[in-house]
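# Notes for the structure review
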Amino acid sequence: MKTRKLRIAYSIAIIITIFSGLASRKWSHLLPLLAAQNAGDVLWAMMVYFGFRFLLIQKGLPTAICLSLLFSFGIEFSQLYQADWINHIRSTLFGALILGKGFLIADLFRYAAGILIAAILDIMTLSK
């Protein structure tokens with residue numbers, strides 16, 4: 001029963017994070033500059049973390065953190081690959097949201113911060 005409740009909680013966390021991330025992009029002009037520049041990537045990484053927690057409910061926190069970092073960093077480093085077929089995917093809204101558009105070292109720090117924030121929220125609320 002606890003597993004089911006946790007899956008529901010992680011599902012809700014994913015949905016809230018997705019909507020927050022989309023809102024941060026749409027209304028970035030209303031946010032302070034620091035938040036506008038960083039919120040989308042931080043929230044994307046948080047969503048990745050909650051997704052791994054949802055999928056691997058029986059695994060521990062360190063596993064979710066490591067997989068989230070590997071996945072997020074992998075997506076960022078994949079942006080160094082610039083073949084026509086993948087650039088075509090990246091030119092779509094969905095492709096840009098998932099794969100990003102261009103490699104930025106700063107994104108790696110944003111992803112790490114987002115995963116850390118999500119893990120702290122997880123420890124403080126969901127994992128209890």
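Thresholds, definitions, all that
Residues numbered from 1 in each chain as written. Predicted model: local features only at pLDDT ≥ 70, side-chain atom pairs only at ≥ 80, totals over all residues. Heavy atoms only, no water. Axes fitted to C-alpha atoms, helices over the stretch in contact; angles between N-to-C directions. Helix = DSSP H or I, 4+ residues; strand = E, 2+ residues; numbered from the N terminus. Parallel < 35°, antiparallel > 145°, perpendicular 65-115°, else oblique. Left-handed = near helix turned anticlockwise from the far one by under 90°. Contact = heavy atoms within 4.5 Å. Phe/Tyr/Trp six-rings, centres within 6.5 Å; stacked < 30°, edge-to-face > 60°. Buried < 20%, exposed > 50% of the residue type's maximum accessible area, 1.4 Å probe, protein only. Lys NZ or Arg CZ within 6 Å of the ring centre and 35° of its normal. Salt bridge = Lys/Arg side-chain N within 4 Å of Asp/Glu carboxyl O. Polar contact = N/O pair within 3.5 Å; in protein donor to acceptor, adjacent residues only side chain to side chain. Nonpolar A, V, L, I, M, F, W, Y, C, P; charged D, E, K, R; others polar.

## Considerations on the packing of helix α3 (residues 61-78) against helix α6 (residues 105-126)
At a closest axis distance of 10 Å, the pairing of α3 and α6 adopts a crossing angle of 155°. Taken together, the axes of α3 and α6 are roughly antiparallel relative to one another. Where α3 crosses over α6, the two elements pack in a sense that is right-handed. Residues Leu61, Ile65, Ser68, Leu69, Ser72, Phe73, Glu76 and Phe77 of α3 form the contact with α6, whose own contacting residues are Asp107, Leu108, Tyr111, Ala112, Ile115, Ala119, Asp122 and Ile123.

## Quick look at the packing of aromatic side chains
Counted by the stated rule, this structure contains seven aromatic pairs. Taken together, a centroid distance of 5.2 Å and an interplanar angle of 35° make the contact between Phe77 and Phe103 tilted. Residue Phe77 is found in helix α3, and its partner Phe103 is found in the loop between α5 (93-99) and α6; the two are separated by 26 residues along the sequence. Residue classification places Phe103 among the partly exposed residues on the basis of a relative accessible area of 25%. Each member of the aromatic cluster is reached from another via a ring pair, and the members are Trp44, Phe52, Phe71 and Tyr111. Geometry around Phe54 places Arg7 over its ring, the cationic atom sitting 5.3 Å from the centre.

## Focus: the pattern of salt bridges
Here the idea is simple: oppositely charged side chains can pair when their charged atoms come close. All chains considered together, the criterion is met by four salt bridges. A salt bridge links Asp107 to Arg110; the nearest nitrogen and oxygen atoms lie 2.5 Å apart. In this pair, Asp107 and Arg110 are both assigned in helix α6, three residues apart and thus about one turn of the helix distant. For the pair Asp107 and Arg110, one class covers both residues: buried. Put simply, Arg25, Asp41, Asp107 and Arg110 are held in one network by salt bridges that share partners.

## Let's talk about the side chain of Gln79
As for its position among the elements, Gln79 is in the loop between α3 and α4 (84-90). Relative accessible area serves as the criterion here: at 3%, Gln79 is assigned to the buried category. A distance of 2.7 Å separates a polar side-chain atom of Gln79 from the backbone oxygen of Leu99.

## Quick look at the side chain of Ser68
Checked against the element boundaries, Ser68 lands in helix α3. Here the side chain of Ser68 touches Ala64 through a polar contact of 2.6 Å, landing on its backbone oxygen. Beyond its immediate stretch of four places on either side in the chain, Ser68 contacts Val48, Tyr49, Phe52 and Ile115.

## Some remarks on the packing of helix α1 (residues 2-26) against helix α2 (residues 33-55)
Where α1 contacts α2, the two axes come as close as 9 Å, and the packing angle between them is 165°. With respect to each other, α1 and α2 are oriented roughly antiparallel. Here α1 runs over α2; the crossing is left-handed. Facing Arg7, Tyr10, Ser11, Ala13, Ile14, Thr17, Ile18, Ser20, Gly21, Ser24 and Arg25 of α1, the residues of α2 in contact are Ala39, Gly40, Asp41, Leu43, Met46, Met47, Phe50, Gly51, Arg53, Phe54 and Leu55. For the contact of α1 with α2, the per-class residue count stands at 11 nonpolar, seven polar and four charged.

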